[in-house]
Amino acid sequence: MSAIGWRQGATVLGEFTVERDLGRVTLVRDGERYGVTRIPAGDLVAQRRLLTELRRWAALPAHPHLTACRFVRATGDELFVLTDHAPGGSLAARIGDGSLYAGDDPTATVPRVAAEIAWGLDAAHAMGVPHLGLTPDAVLFTGENAATLTWFGIAPAAAESAYSAPEQAGDQPVGPGADVWSWAVIVLEMFAGERSWPSAALADAVLEQLVAQRRWRVEMPSKVAEVLRECLRFDPTRRPASLRDVAAALTDQPPPQRPSVLDSEPGDPRAWLTFAYETAGLDPRTATVFWPGERPQEEVRAFAVARRVLDQAGTVWARARLRADAGRAALRHGDTGTGVAHLLACADLLADRTDEDSRLLLAAVRTDLAPHDDPGRAVAVAAELTGRPEVLGAALLAQAGTLGDPNLYAKALAAYERAGDAAGAARSVMAKAKALDLAGAPDLADRLLAGLQPDDPVLAGRIALDRAGLARRPPAAVLAHALAAVARFAPLVREHGRHELAGDLGLAWSLAAAAHADLGRPGPAWDAYRAARVMLAAAVVRDGRDDLADELATVFDHEATLARELAGARAGAEAAGRAVELWRSLGERGDRLAELATARERYGTALMEAGDTAGAREQFDAVLRLVPESEVSSRWRTLAAMAHRQHGVLLRRAGDPVGACGRYQHALYLLADADDSGFTRVLVLESLSGALGDAGHLDESVQVLRQSSEELAMLVTTGVRGEADLADSTRRLAGALLELGDFPAARETALAGLAHYGRLIAGGRDDLVVPAARLRATYGYVCHRLSDVDGAVAAISEARAVLGADAVVARGLDAQLAVLRAVAALRPEDLDGWFAEQRVALSAAAALSRSGRTREASRQGEEILGSLGWLTRTLPTEQGYALCGRAGVHLGMWALHARRNGAARHGFAVAAESFGTLVDNGLRQYVEDWARAYVGTASLLTVLGDDGGAEDAVAELLAIMADVDGAAVPEWRERAARVVAEMRSARG
């Protein structure tokens, strides 16, 4: 904590005026004075821990010897704690200047102050809140000279304090017993008039020395010395259990009423543990082992322990209150079954009670149960409470939300208006607007919200936020309302320090960012996502807004994507790395491991795109260390599957497609039992398809990609994914079919994909124009291979108009167009020369094949065959058909060796058709070529394992041969049988 350098009269934190008096700073607002403490806290995790302690302090019931914590504000890396004004200064100052000992009877003042400190500590301990940083500076005086305690949970580090208990200095488990020690050291200092010892560990020895030497500023009675000896025992379990009892040895004045967890709403689990143990006659100090930490399940466990103890001795009212608090905590942490069970048990305990407190609690509990039980029961109980229309309003609002009855929203509004609760009335209207939006009436919802004009800036901001979030709104309208919400929340968060509104501001920035993106403004979208990330991170990490964790993860993803697009892959990786750092800062909380694993997977992907293979592999390995594969939950199995998928990507890039296939197969195994794995499974199947293609298994690659596309189509039908995903998947499938050489299927698939893109682009998706053009080019290539030169020219020209800005792409398209246009322009007198060029091209392709580059050879062969096929239809000649047939046989053989089975089938089929045309026209010299084409088809089918198809091909060959040259049938039967047998043997 540090001194505050604000000048006199300045306005700070948006609404407070500074007063300074002898170095002490007081803040004034609307005539009320507050003490203020500034706490530097440079990171969000430290701020979260401090805020947790400050909330416990603020929840303490009013007590004459506890300084109330009124507000906590956060700006930048500082927290400001505003407390009740204590004009009497601190105990440290009074000891130092001697004013503690002024007056007629200091021998009465010192014991009184000591007793008041003890009463304050006892009151806090009753609520499960130890101070753990007690020093004379943490004791203030009111205007009536009553001692009050401040700085609960935020005092300087206990281990460094000269007042700390030994267990604090030794970093051992601590509890209220540590405050007993610190209290004794402070009392010793008050009687001595100074602290002359360097360490609290010496306090017991100092006490004995001062007693022996009688060196006191105020004489210490022997009974006080005996009390201090008890308090300064090194074993905390041997110190007095109650400072209330200790104070009785110092003063005859009656203590103030001790607070109870029954006086607070809601009760902290620590307070309930203390209350339950004391009620059952147990030592409450032994309950500290069950005090919860930061993990939600620890809070649920603490409530369970308190319930088991209190059930043995507690009153019905106490047991009902405990179950209400336990149930709400469980619901807050997502444990619906436990939460509902506790609330129902509370309702059963209260069912026959008629006092107003019991009926109020029953109405509140039934309202909490409305989404899980009959909501009418809450309304029935609330309606009995005459004079409490706000309770009825809450019950009606819960019933409306459960049943979706618009009339109930109007009744809730009327109840809140009778109660004069403007905020409740506004909530009713906002809830009705959300219901209308979900029912498909966003315009009506917007009109309802527009009618709300509250003076409260927070409520006004939330109304603007709701208007921005309405479904199917134009991006410009979303942006306007989102920025209106930003304008409301930003000053409150940044200037006033209203940290609890950081989540609302983050949501507003996130909506603004999405609207900017939809409007085609990537720069402003990136800026807005960065602002959203800062605010949402503060809300999740510092303020505990677990409900915003998914939104924060989404914002991280969008920020990283835009960073990559606008500033390069390295910038995208840096943005993704920030997500890892944030979730890792919460790593001690088991409920955040899933977010950390997801962030690591995405960071690894970003590093992979930036070329950092080693860094990417490290992140994917870290995911698999975090994710136990024995875990049965869908989320964990999906995370593990994604990590294996990305490992597969790295293996593909390293030239190991077989290893990659193994990773992908394992990912699919993990996803087999994952309920919500739909799109992840689609991604893994797409990756597996690519690896199979790299390994040369093109048929299997296409089969897997077809399966992926079919599963994606089902996700689109159910609304899980959009048509754009299906369009992109269809584009990839068309490309794979082109690579396989299944040109008819590729043409059909490309046309389906172009239809998808056409609908989306007509609907305003201009971002899909380029991928649509790429598919159009693919369609053009397929047309060429199917000998549709006119169709190929038209499609590739259309694609060129869009893709021409890329010089490399433009050169490739221009070269293809030049070939096509040259073919289309051929005249009869040009054919001899052109045929000679094609023979040369086939010879070059044959050379590639002989060198082992059969895939390249087959690609060249199919282009040559496509052009020849066009000419056999437009300028038919014997020479053209013969060359077309030979090109088809070559393509069939090259593609067969390259495992491009679709292209092989196409080549042999075209060859059979071309040579068959010549034979049908009486040119018997082509019979052998024609027969070889059939044998080639039989060979291909045998390689593919289709023995029946191979037999049918041979039978067809022999049947036609019987009509053409019956004498040659035995020879071709033998030749075909020999080739098929060789292929079957090679197949294994």
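Residues numbered from 1 in each chain as written. Predicted model: local features only at pLDDT ≥ 70, side-chain atom pairs only at ≥ 80, totals over all residues. Heavy atoms only, no water.

Within an unreviewed UniProt entry, the label attached to the protein reads non-specific serine/threonine protein kinase, and the organism entered is Actinophytocola gossypii.

S.K.: What is the right way to read the overall build of the protein from this model?
M.R.: Along its length, the protein carries 42 helices and eight strands. Radius of gyration (C-alpha) of the protein: 40 Å, far over the 30 Å computed for a compact globule of 988 residues. Excluding contacts between residues fewer than 6 apart, the proportion of contacts in the protein whose partners are at least 24 apart in sequence is 60%. Within the structure as shown, the protein displays about 42,300 Å² of accessible surface, and the carbon and sulfur contribution to it stands at 51%. A distance of 1 Å separates the average location of the 107 positive side-chain charges in the protein from that of its 131 negative side-chain charges. (Helix = DSSP H or I, 4+ residues; strand = E, 2+ residues; numbered from the N terminus. Rg over C-alpha atoms; globule rule 2.2 N^0.38 Å. Contact = heavy atoms within 4.5 Å. Areas by Shrake-Rupley, 256 points an atom, 1.4 Å probe, with all protein chains shown as cover. Lys, Arg positive; Asp, Glu negative; His and termini not counted. Charge placed at Lys NZ, Arg CZ, Asp CG, Glu CD.)

S.K.: Please explain unusual backbone geometry as it appears in this structure.
M.R.: Residues other than glycine predominantly adopt negative phi, and peptide bonds predominantly adopt the trans conformation. The phi dihedral of Leu13 is positive, around 50 degrees, even though this residue is not glycine. For Leu13, a relative accessible area of 7% gives the class buried. For Asn145, which is not a glycine, the phi torsion comes out positive at approximately 70 degrees. Among the secondary structure elements, Asn145 is positioned in the loop between strand E7 (139–141) and strand E8 (147–149). (Buried < 20%, exposed > 50% of the residue type's maximum accessible area, 1.4 Å probe, protein only.)

S.K.: Explain the environment of Ser260 here, please?
M.R.: Position of Ser260 among the secondary structure elements: in the loop between helix H8 (243–247) and helix H9 (269–279). Classification of Ser260 by relative accessible area gives buried; the value is 17%. Separated by 276 residues in the primary sequence, Ser260 and Leu536 have C-alpha atoms spaced 36 Å apart. Look past the residues within four positions of Ser260 in its chain and what remains in contact with it is Pro61, Met127 and Phe275. A distance of 3.1 Å separates a polar side-chain atom of Ser260 from the backbone nitrogen of Leu262. (Polar contact = N/O pair within 3.5 Å; in protein donor to acceptor, adjacent residues only side chain to side chain.)

S.K.: Hey, could you run me through a negative patch on the surface in this one?
M.R.: There is a patch of like negative charges on the surface, built from Asp946, Glu951, Asp952 and Glu956. Within the fold, Asp946 resides in the loop between helix H40 (927–943) and helix H41 (947–964). (Patch = residues over 30% accessible without salt bridge, like charges linked within 9 Å, V, L, I, M, F, W, Y side chains within 5 Å. Salt bridge = Lys/Arg side-chain N within 4 Å of Asp/Glu carboxyl O.)

S.K.: What exactly am I supposed to notice about the nonpolar core here?
M.R.: Considering soluble globular proteins, one finds that nonpolar side chains tend to be buried as a cluster. Core analysis: the biggest nonpolar cluster contains 92 residues, and Leu91, Ile117, Trp183, Leu188 and Met190 have the highest contact counts within it. It is helix H5 (residues 176–192) that provides the largest number of residues to this core, a total of twelve residues. Formed by 84 residues, the second largest nonpolar core is a distinct cluster that contains Val478, Phe489, Ala643 and Leu688. (Core = buried A, V, L, I, M, F, W, Y, C linked by side-chain atoms within 4.5 Å.)

S.K.: Would you explain the sheet that holds strand E5 (residues 69–75) in this entry?
M.R.: Pairing is antiparallel across the open sheet formed by six strands, whose spatial order is E1-E2-E3-E4-E6-E5. Edge positions in the sheet fall to strand E1 (11–12) and E5, since each has one partner strand and no second. The sheet contact formed by strand E4 (residues 32–40) and strand E6 (residues 78–84) spans seven bridges and is antiparallel. Along E6, the bridge assignment pairs Pro40 with Glu78. The sheet strands contacting helix H1 (residues 44–58) are E4, E5 and E6, and the helix crosses E6 at an angle near 10 degrees. (Pairing = 2+ DSSP bridges. Axes fitted to C-alpha atoms, helices over the stretch in contact; angles between N-to-C directions.)

S.K.: Honestly, the pattern of salt bridges in this entry has me stumped. Any pointers?
M.R.: Side chains that differ in sign of charge can pair as their charged atoms come close. Per the counting criterion, the structure on display carries 65 salt bridges. Arg38 is paired through a salt bridge with Glu78; the nearest N and O atoms lie 3.4 Å apart. Here Glu78 lies in strand E6 and Arg38 lies in strand E4, a separation of 40 residues in the sequence. When sorted by exposure, Arg38 lands in the same class as Glu78, which is buried. When the shortest N-O distance is used, the salt bridge between Glu739 and Arg900 registers 3.9 Å. With Glu739 in helix H31 (residues 723–740) and Arg900 in the loop between helix H38 (878–897) and helix H39 (901–920), this residue pair connects regions lying 161 residues apart in the sequence. A single salt-bridge network, built from bridges that share partners, covers Glu739, Arg785, Arg855, Arg859, Glu862, Glu863 and Arg900.

S.K.: Which parts of the structure should I look at to understand the side chain of Arg785?
M.R.: Take Arg785: it is sitting in helix H33 (residues 769–785). We classify Arg785 as buried; its relative accessible area is 8%. Separated by 3.0 Å, the side chain of Arg785 and the backbone oxygen of Tyr781 make a polar contact. Contacts of Arg785, omitting those with residues within four sequence positions, involve Leu738, Phe743, Glu862, Glu863, Gly866 and His906.

S.K.: Would you mind going over the packing of aromatic side chains with me for this structure?
M.R.: Given two aromatic rings, their pairing is described by the distance between the two centres and the angle made by the two planes. Scanning the model with the defined rule gives ten aromatic pairs in all. Arranged with centres 6.1 Å apart and planes meeting at 50 degrees, the rings of Trp57 and Phe152 form a pair that is tilted. Pair noted here: Trp57 is in helix H1 and Phe152 is in the loop between E8 and helix H4 (166–169), with a separation of 95 residues, a long-range link. We note that Trp57, like Phe152, is buried. One aromatic cluster is present, built from ring pairs that chain together Phe16, Tyr34 and Phe71. Over the aromatic face of Phe679 sits the side chain of Arg721, whose NZ or CZ is 3.6 Å from the ring centroid. (Phe/Tyr/Trp six-rings, centres within 6.5 Å; stacked < 30°, edge-to-face > 60°. Lys NZ or Arg CZ within 6 Å of the ring centre and 35° of its normal.)

S.K.: Where do I start with the pairing of strand E3 (residues 24–29) in this structure?
M.R.: In summary, the side chains of a regular strand alternate between the two faces of the sheet. When you tally the buried positions in E3, you get five out of six residues, the bulk of the element. Note that strand E2 (residues 16–21) and E3 share five bridges and pair antiparallel. Following the sheet pairing, Glu19 is matched in E3 by Thr26. Across four bridges, the pairing between E3 and E4 is antiparallel. Among the inter-strand pairings, Arg29 is bridged to a residue of E4, identified as Glu32. Between E3 and E4, which pair antiparallel in sequence order, lie two residues; one of them, Asp30, sits at a positive phi of approximately 50 degrees.

S.K.: So what exactly am I meant to see when it comes to the packing of H9 against helix H10 (residues 296–310) here?
M.R.: At their nearest, the axes of H9 and H10 sit 8 Å apart, and the two run at 20 degrees to each other. Classed by the angle they form, the pair H9 and H10 counts as roughly parallel. In this structure, H9 crosses over H10, and the sense of that crossing is left-handed. Residues Pro269, Trp272, Leu273, Phe275, Ala276, Tyr277 and Thr279 of H9 form the contact with H10, whose own contacting residues are Glu299, Ala302, Phe303, Val305, Ala306, Val309 and Leu310. Across the contact of H9 with H10, the residue classes break down as twelve nonpolar, one polar and one charged. (Parallel < 35°, antiparallel > 145°, perpendicular 65-115°, else oblique. Left-handed = near helix turned anticlockwise from the far one by under 90°. Nonpolar A, V, L, I, M, F, W, Y, C, P; charged D, E, K, R; others polar.)

S.K.: Honestly, helix H7 (residues 222–231) in this entry has me stumped. Any pointers?
M.R.: Residue pairs three or four apart in sequence face the same way in an α-helix, which turns once every 3.6 residues. For H7, every residue scored as buried is listed here: Val224, Ala225, Val227, Leu228 and Cys231. Viewed end-on, H7 has its buried residues packed into an arc of 160 degrees, placing them on one side of the element. (Arc of directions from axis to C-beta.)

S.K.: In this structure, what is going on with the side chain of Ser858? I would like to understand it.
M.R.: Note that Ser858 resides in helix H37 (residues 854–874). A distance of 2.9 Å separates the side chain of Ser858 from the side chain of Arg900, its partner in a polar contact. For Ser858, the contacting residues outside a window of four places in its chain are Leu891, Trp894, Ala895 and Arg900.

S.K.: Is there a simple way to think about the pairing of E5 in this case?
M.R.: Among the seven residues that make up E5, five are buried, leaving the element largely enclosed by the rest of the structure. Across six bridges, E5 lies against E6 in antiparallel orientation. Across the sheet, the residue bridging to Arg73 is Phe80, located in E6. Taking the residues that link successive antiparallel strands as the turn, the E5-E6 hairpin has two residues, and the phi of Gly76 there is positive, at about 60 degrees.

S.K.: What should I look at first to understand H31 in this one?
M.R.: When the terminal C-alpha atoms of H31 are compared, their 25 Å separation across 18 residues agrees well with the 26 Å that a helix rising 1.5 Å per residue should span. Among the 18 residues of H31, 13 are classified as buried, and the element is accordingly described as predominantly covered. (Expected span 1.5 Å × (residues − 1).)

S.K.: So what exactly am I meant to see when it comes to the environment of Val187 here?
M.R.: Secondary-structure assignment places Val187 in helix H5. Take Val187: its relative accessible area is 0%, and that puts it in the buried class. Spatially, the C-alpha atom of Val187 lies 55 Å from that of Thr554, the residues being 367 residues apart in sequence. The residues touching Val187, leaving out its near neighbours within four places in the chain, are Ala114 and Leu228.

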